[in-house]
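Architecture and fold: a report
Spelled out, the chains give:
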Amino acid sequence: MPEHTHVPRVCRDCDGFATATITTGLRTPDGTRHTIPVHCPTCRGLGHTTSATRVRVGR
């Protein structure tokens, strides 16, 4: 009997790269650039999405 394993789907909005680092244009006191991480709003920074559960309505 085959085993069923759940394979998460890669997020189609970020293509699996869930977090990007963006420079703000400012510099820190030691001279490096100030950066902030930004997460994909669709997968919330996970890189994958789960498939929707099918719900049967009616009889």
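Residues numbered from 1 in each chain as written. Predicted model: local features only at pLDDT ≥ 70, side-chain atom pairs only at ≥ 80, totals over all residues. Heavy atoms only, no water.

The next thing to look at is unusual backbone geometry. Although it is not a glycine, Asp15 adopts a positive phi angle of roughly 55 degrees. You can call Asp15 exposed: its relative accessible area is 56%. (Buried < 20%, exposed > 50% of the residue type's maximum accessible area, 1.4 Å probe, protein only.)

Relative to strand β3 (residues 33–39), strand β2 (residues 19–27) is paired through six bridges, and the arrangement is antiparallel. The residue of β3 that forms the bridge with Ala20 is Val38. In sequence, β2 turns back onto β3 through a hairpin of five residues, with Gly31 there showing a positive phi of about 100 degrees. (Pairing = 2+ DSSP bridges. Helix = DSSP H or I, 4+ residues; strand = E, 2+ residues; numbered from the N terminus.)

Another point: a nonpolar patch on the surface. Side chains of Ile22, Ile36 and Val38 sit close together on the surface and give an oily, nonpolar patch of about 220 Å² of accessible area. Position of Ile22 relative to the elements: it lies in strand β2. For Ile22, a relative accessible area of 42% translates into the label partly exposed. (Patch = residues over 30% accessible without salt bridge, like charges linked within 9 Å, V, L, I, M, F, W, Y side chains within 5 Å. Areas by Shrake-Rupley, 256 points an atom, 1.4 Å probe, with all protein chains shown as cover. Salt bridge = Lys/Arg side-chain N within 4 Å of Asp/Glu carboxyl O.)

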